Amino acid sequence: MNVKTLIYSENTELSLQLLGRALQLSAGASALATDEEQAAVLSGYGASRVYFVKDRSFDTLRAGLLEVAARESPDLVMVGSTKRGRELAPRVASALGAGYSGDCFDVQQGEDGFQVKRLAYGGSTVATMRIRGKPAVVSVPPRSFQKPETQGKRGEAIELNVTSPASRVKVIESRPKKAGDSGLENAKVIVSAGRGFKKREDLKLLEELAAELGAKMGCSRPVSADLGWMAQWVGISGKKVAPRLYIACGISGTIQHAAGIRDSHIIVSINSDEAAGIHEISDYSIVGDIYTVLPALTRALRERAR
Ligand SMILES: Cc1cc2nc3c(=O)[nH]c(=O)nc-3n(C[C@H](O)[C@H](O)[C@H](O)COP(=O)(O)OP(=O)(O)OC[C@H]3O[C@@H](n4cnc5c(N)ncnc54)[C@H](O)[C@@H]3O)c2cc1C
């Protein structure tokens with residue numbers, strides 16, 4: 001196996017994981033780093049040639065990756081699946097006229113290119129895909145691969161003098177995220193509202209339960225995107241969460257919602273419909289009306305806390 005791989009991520013840990021896989025596929029790998037410091041880390045872990053750029057702007061990184069690809073002619077380009085990486089990788093693939101697949105958690109060398117695996121249908125199934133031709137471009141989510149052992153020997157670090165073309169994007173305004181809206185990703189306990197809630201004021205029932213459990217509040221997409229009752233929703237197009245306890249209240253459990261909660265340790269559902277899909281993915285199901293169950297649950301927790 002002697003695959004020429006080029007890796008990039010602005011997240012150094014993720015970059016090292018990509019390097020780990022690259023070194024399994026071949027004896028050497030080249031990398032693009034966001035600065036000299038990251039270049040030093042990557043070369044210390046065994047990247048044979050690390051190019052670094054002077055600024056981290058999107059256009060510079062794109063131009064940098066294309067420049068390194070021209071110099072190294074890699075068989076495989078692996079980009080970390082961060083927000084930026086997911087934008088960068090397909091653009092690079094398009095400029096190279098290369099095949100691309102996103103969020104691949106497995107990459108193997110095939111007979112005529114590469115075979116990759118990625119989740120499909122909201123994470124309910126694994127799709128195996130083949131990318132033919134050279135290079136293949138993929139983005140790779142965090143923790144798909146292990147970082148290599150430190151090598152001790154240093155590879156070459158090369159400064160790239162790429163000039164970014166004038167951006168066609170003009171930033172008109174930037175606004176900081178509102179404090180207090182976030183935190184769902186790291187929450188230990190989440191109580192979540194679905195369309196089973198008839199009125200916004202009824203969310204009080206959820207707030208009371210959240211207060212007893214020290215939980216963050218989440219919701220399904222329609223409660224946020226359609227009704228505007230909460231800032232963020234849980235699911236494939238919202239926040240992916242992994243709490244110790246997730247309580248889904250009046251949520252049907254469609255695949256798009258389920259994909260966002262599959263890493264939860266314990267899922268409890270409260271839904272009046274016995275046939276609701278959420279019960280199938282729950283550890284504990286309560287078939288009942290949230291307007292009765294939630295106050296009873298909150299009361300029971302209060303009594304226990306006394
Ligand atoms: C591209 C795309 C992306 C999407 N991404 C997401 C996503 O990230 N997250 C997400 O959540 N959705 C997402 N959706 C929407 C998704 O398909 C569903 O429409 C949505 O999850 C349903 O929300 P819900 O469960 O709150 O509502 P419903 O499906 O209407 O379910 C309401 C549930 O409440 C129950 N109920 C009603 N009254 C009561 C009561 N009094 N007591 C107890 N239970 C009661 C009902 O039995 C029902 O099961 C996406 C859709 C698309 C097309």
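Draft legend 1. Quick look at the site of the ligand. Taken together, the neighbourhood of the ligand is formed by 26 residues, with Arg-195, Ser-220, Ser-237, Ser-252 and Asn-271 sitting nearest. Within the backbone of Gly-250, an N or O atom sits 3.0 Å from an oxygen atom of the ligand. Contact between the ligand and Asp-289: a nitrogen atom at 3.0 Å from a side-chain N or O atom of the residue. When the ligand sits alone it has 980 Å² of accessible area, and the protein chains cover 74% of it. Secondary structure elements with two or more residues in the shell around the ligand: α6 (221-226), α7 (255-261) and α8 (290-305). Class assignment for the residues of the shell around the ligand results in seven nonpolar, 14 polar and five charged.

Draft legend 2. Highlighting the pairing of strand β8 (residues 125-132). Here strand β7 (residues 113-120) runs beside β8; their pairing, made up of eight bridges, is antiparallel. Following the sheet pairing, Gln-115 is matched in β8 by Arg-130. Here β7 folds back onto β8 in antiparallel fashion, the turn holding four residues, of which Tyr-121 has a positive phi close to 50 degrees.

Draft legend 3. Region of interest: helix α1 (residues 12-25). Here α1 spans 20 Å end to end across 14 residues, near enough to the 20 Å set by a 1.5 Å rise per residue. Buried residues dominate α1, accounting for 10 of its 14 residues. Within α1, burial applies to Leu-14, Ser-15, Leu-16, Gln-17, Leu-18, Leu-19, Gly-20, Arg-21, Ala-22 and Leu-25. Buried positions along α1 lie against β1 (5-8), β2 (29-33), α2 (36-44), β4 (76-80), β6 (104-110) and β9 (136-140). For α1, the N-terminal cap is Asn-11; the gap from its side-chain oxygen to the backbone nitrogen of Glu-13 is 3.0 Å.

Rules behind the numbers
Residues numbered from 1 in each chain as written. Predicted model: local features only at pLDDT ≥ 70, side-chain atom pairs only at ≥ 80, totals over all residues. Heavy atoms only, no water. Near = heavy atom within 4 Å. Polar contact = N/O pair within 3.5 Å; in protein donor to acceptor, adjacent residues only side chain to side chain. Areas by Shrake-Rupley, 256 points an atom, 1.4 Å probe, with all protein chains shown as cover. Helix = DSSP H or I, 4+ residues; strand = E, 2+ residues; numbered from the N terminus. Nonpolar A, V, L, I, M, F, W, Y, C, P; charged D, E, K, R; others polar. Pairing = 2+ DSSP bridges. Expected span 1.5 Å × (residues − 1). Buried < 20%, exposed > 50% of the residue type's maximum accessible area, 1.4 Å probe, protein only. Contact = heavy atoms within 4.5 Å.

Everything listed here is a matter of coordinates, which is why it stays silent on function.
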